[in-house]
Amino acid sequence: MTASTDPQPLDVLIVGAGFGGLYMLYKARQQGLKAIVLEAAGGVGGTWYHNRYPGARVDVQSMEYSFGFDEALQQEWRWSERYAPQPELLRYANHVADRYGLRDGITLNTRVTKAHFDEAAAGWQVQAEDGRQWQARFLVLASGPLSTPNKPSFPGLEQFAGPVYHTGHWPHEPVDFSGQRVGIIGTGSSGIQSIPVIAAQARELTVFQRTANYVVPAHNRPLDPAYEARIKADYAGFRARNRAMRNGFGSELPQHTVSALVVSEQELEERLEARWQIGGFGFLGAFSDLMMNPKANALAAEFVRRKIRAAVKDPAVAELLCPEQTIGCKRLCVANDYYETFNQPHVKLVDIRSAPIERFTAGGLISGGQEHGFDALVLATGFDAMTGTLMRLDLRGRGGLRIQDKWAGGPSNYLGLTIAGFPNLFNIAGPGSTSVFTNVIVAIEHHVDWITACIAYLDARGCRTITATEQAEAQWVDYVNKTADGTLLLTCNSWYLGANIPGKPRQFMPLAAGFPVYAQKCAEAAAQDYKGFELA
Ligand code: NAP
């Protein structure tokens, strides 16, 4: 392993051994580059290493949420379910690490805390928490858009006597809630996946909800062998069709070009019902304008509210579970049996919007003047998304420019990949790219392919540095903002906007242009000799 004693700088230093870091290491090595990965955790897998809460599973279908770069890999790997559970996803990450001999390039238990650009060396000086140092020509941040848990500072939380778990940082030892009273705060994707599973184990479950969310059924089931065989008969074609989709997945569903506003009431109901029965994110594709037109959106939202009222027996609980915001503005949730869970007598829903949490006590919390008791607490409170991990790094570019200063008003970058003032640095699946709006593995493969092609281009021409220009970056930020402007994505307080973190600048962070348009723009910049960059 290359450390401070090695006089030879690395070609590429990669931060993070999730899917992004693994594929980046594989691809860099294929290209003959000397590359390593530094990973803070004790194993590979990133998201799927940490998010091992009860019920954790992917909500993009397994046959799509997997690497497509190697036909042999995609043919040999077999998923057990339509939506793979977390242990299987972690096995897959480990399989990839072993299959491609990546382990000797990955240093675990090594948290990068510092990365400074060194002008004289035209590269990066990187330091870990324990003081070890590395030098590399290129720095690739594959630290994940959802990797820094959001742990709100609830008053008196430290007084709570029981264990506190965060879904995004779940312990590796088994957690047994049998016979316990459990409290859970948060009803986003992590909360809604874990609530039915924790309810099945706990003696009592109290769900503290600030904002109700739309949950469409997953209809998870064992993977149909006939479906698997059909996809594998032309996996490359399936991948290509998915890459042509706005979100990088879902090519099996027909694309509806009809507005929800022009069909009869019966047709509206039938089409929404058909998508509901299929399950998953395709629900929002039932009509062409659900994410653009507030009236169309309201029809789909009301359909889901009718489903909630039909599923939940207590009308008061059902009303509390009915979301008010536009559907799809906060990320749509996909799960099994979420609403039905609230019919169980030992599951209680507490509205902490009308009665906010006042403080914690040794045995629970007080909201609306009433104490709610529990033995263990689960925080399903999400992440400081997209920028949180970078903003906690001592990351300095040219002339000592700090990322905290550069991004004080919100993230800015070019093509979602590179940051002006930070030469030879690439960010995988970060802000300004379609990252979290796509099947993230499609986003990762695209980013890694673009980055490695860029390095090959630079090396072929003897260029030492590449830096996004301020002008290109400003235009890109403008483009990211304008793309969100025409949509309903700005109508609620989502983590896409940083609204879940007190004090975070309100800026729409991912690019809402759709993956094909985005990939085209990245390809165009590369084809025009890296337009928008300074090469030196
Ligand atoms: P999230 O969507 O941000 O949800 C966090 C929840 O905690 C929300 O209900 C939020 O309420 C609540 N909350 C946050 N701070 C709070 C506070 N101070 N007081 C009370 N409630 C508070 O986080 P997540 O569920 O972990 O999901 C984040 C993202 O990770 C997802 O959107 C998705 O992209 C990804 N994810 C994917 C999967 C999957 O593939 N299956 C699973 C889990 C997560 P408000 O809404 O009122 O802010």
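Fair warning: this is a prediction, and the values are worked out from it, not measured in the lab. (Residues numbered from 1 in each chain as written. Predicted model: local features only at pLDDT ≥ 70, side-chain atom pairs only at ≥ 80, totals over all residues. Heavy atoms only, no water.)

### Here we look at the overall build of the chain
Put simply, the rule is: Helix and strand definitions follow DSSP, with helices as H or I runs of at least four residues and strands as E runs of at least two, each counted in order from the N terminus. Between two residues, a contact is recorded if the distance between any of their heavy atoms is within 4.5 Å. Accessible surface area values rest on a Shrake-Rupley calculation with a 1.4 Å probe, where residue burial reflects the displayed protein chains alone. Note that His is not counted, nor are the chain ends; the positive residues are Lys and Arg, and the negative ones are Asp and Glu. Where a charge sits is defined by one atom per residue type, namely NZ (Lys), CZ (Arg), CG (Asp) or CD (Glu).
When helices and strands are counted, the chain shows 16 helices and 20 strands. For the chain, the spread of C-alpha atoms along the three principal axes comes to 70 × 55 × 45 Å. Of all intrachain contacts in the chain linking residues separated by at least 6 positions in sequence, the fraction that spans at least 24 positions is 71%. Total accessible area on the chain stands at roughly 21,200 Å², and carbon and sulfur atoms take up 51% of it. For the chain, the centre of its 50 positive side-chain charges and the centre of its 53 negative side-chain charges are spaced 1 Å apart.

### Regarding the pattern of salt bridges
Opposite charge on two side chains lets them pair, provided their charged atoms get close. As a reminder of what qualifies: When a carboxyl oxygen of Asp or Glu lies within 4 Å of a side-chain nitrogen of Lys or Arg, that pair is called a salt bridge. Note on exposure labels: buried denotes an accessible area under 20% of the residue type's maximum, exposed denotes more than 50%, and partly exposed covers the range between, all computed with a 1.4 Å probe on protein chains only.
Taken as a whole and assessed by the stated rule, the structure comprises 28 salt bridges. Between arginine 309 and glutamate 319 there is a salt bridge, with its nearest N and O atoms 2.7 Å apart. Remark: glutamate 319 occurs in helix 10 (residues 315-321) and arginine 309 occurs in helix 9 (residues 294-311); sequence separation between them is 10 residues. Overall, arginine 309 belongs to the partly exposed group, its relative accessible area being 35%. Overall, glutamate 319 belongs to the partly exposed group, its relative accessible area being 41%.

### Observations regarding the site of the ligand
Condition: Any residue with a heavy atom lying within 4 Å of a molecule or strand is counted as near it. The term polar contact refers here to a pair of N or O atoms within 3.5 Å; inside protein, the definition further demands a hydrogen-donor-capable atom paired with an acceptor-capable atom, and it admits residues adjacent in sequence only when both atoms are side-chain atoms. Three classes are used, and their members are as follows: Ala, Val, Leu, Ile, Met, Phe, Trp, Tyr, Cys and Pro are nonpolar, Asp, Glu, Lys and Arg are charged, and the others, Gly among them, are polar.
Every one of the 26 residues lining the ligand counts as a neighbour, but Arg57, Ser190, Arg210, Thr211 and Lys330 are closest to it. For the ligand, an oxygen atom lies 2.9 Å from a polar atom in the backbone of threonine 187. One nitrogen or oxygen atom from the main chain of alanine 380 is found 3.2 Å from an oxygen atom belonging to the ligand. For the shell around the ligand, the leading source of residues is helix 5 (residues 189-201), giving 3 residues. Its residues assigned to classes, the shell around the ligand shows 10 nonpolar, 10 polar and 6 charged.

### Structural notes on helix 4 (residues 86-99)
Test applied: Every helix has an expected span of 1.5 Å times one less than the residues it contains.
In this model helix 4 runs 20 Å from its N-terminal to its C-terminal C-alpha over 14 residues, within 8% of the 20 Å that 1.5 Å per residue would give. Those residues of helix 4 hidden inside the fold are in contact with helix 1 (19-30), helix 2 (47-50) and helix 3 (71-76).

### A word on helix 14 (residues 440-460)
Compared with the 30 Å implied by 1.5 Å per residue over 21 residues, the 30 Å span of helix 14 between its first and last C-alpha is a close match. Counting buried positions along helix 14 yields 16 of 21 residues, so the element is predominantly enclosed. Phi turns positive one or two residues past the end of helix 14, at glycine 462, with a value near 65 degrees.

### Looking at the nonpolar core
To be explicit about the condition: Definition of nonpolar core: a set of buried residues of the types Ala, Val, Leu, Ile, Met, Phe, Trp, Tyr and Cys, connected through side-chain atoms within 4.5 Å.
Ranked by internal contacts, the top residues of the largest apolar core, which has 128 residues, are Phe177, Phe283 and Trp450. Considering each element in turn, this core owes the most residues, 10 residues, to helix 14. Setting aside residues up to four positions removed in sequence, phenylalanine 177 forms contacts with Pro54, Tyr165, Trp170, Val182, Ile198, Gln201, Ala202, Arg203, Ala376 and Val378. The next biggest cluster of nonpolar side chains, apart from the first, holds 23 residues, and it includes Leu13, Ile36, Ala115 and Val126.

### Observations concerning the pairing of strand 5 (residues 123-128)
The two faces of a sheet get side chains in turn, since along a regular strand they alternate between them. Short version of the rule: Paired strands, as defined in this entry, are two strands with at least two bridges between them according to DSSP.
With 5 of 6 residues buried, strand 5 lies mostly within the body of the structure. Relative to strand 5, strand 4 (residues 112-118) is paired through 6 bridges, and the arrangement is antiparallel. In the strand pairing of strand 5, alanine 115 is matched with valine 126. As consecutive antiparallel partners, strand 4 and strand 5 are separated by 4 residues, and within that stretch alanine 122 has a phi angle of approximately 50 degrees, a positive value. By the bridge criterion, 4 bridges tie strand 5 to strand 6 (residues 133-141) in an arrangement that is antiparallel. Across the sheet, the residue bridging to valine 126 is tryptophan 134, located in strand 6. Between strand 5 and strand 6, which pair antiparallel and follow one another directly, the connecting turn spans 4 residues, one of which, glycine 131, has a positive phi of 100 degrees.

### Quick word on unusual backbone geometry
Notably, asparagine 109 is not glycine yet its phi reads approximately 50 degrees, a positive angle. Although it is not a glycine, methionine 386 sits at a positive phi angle of roughly 70 degrees. Within the secondary structure, methionine 386 sits in the loop between strand 16 (376-379) and helix 12 (388-391). For methionine 386, a relative accessible area of 5% translates into the label buried.

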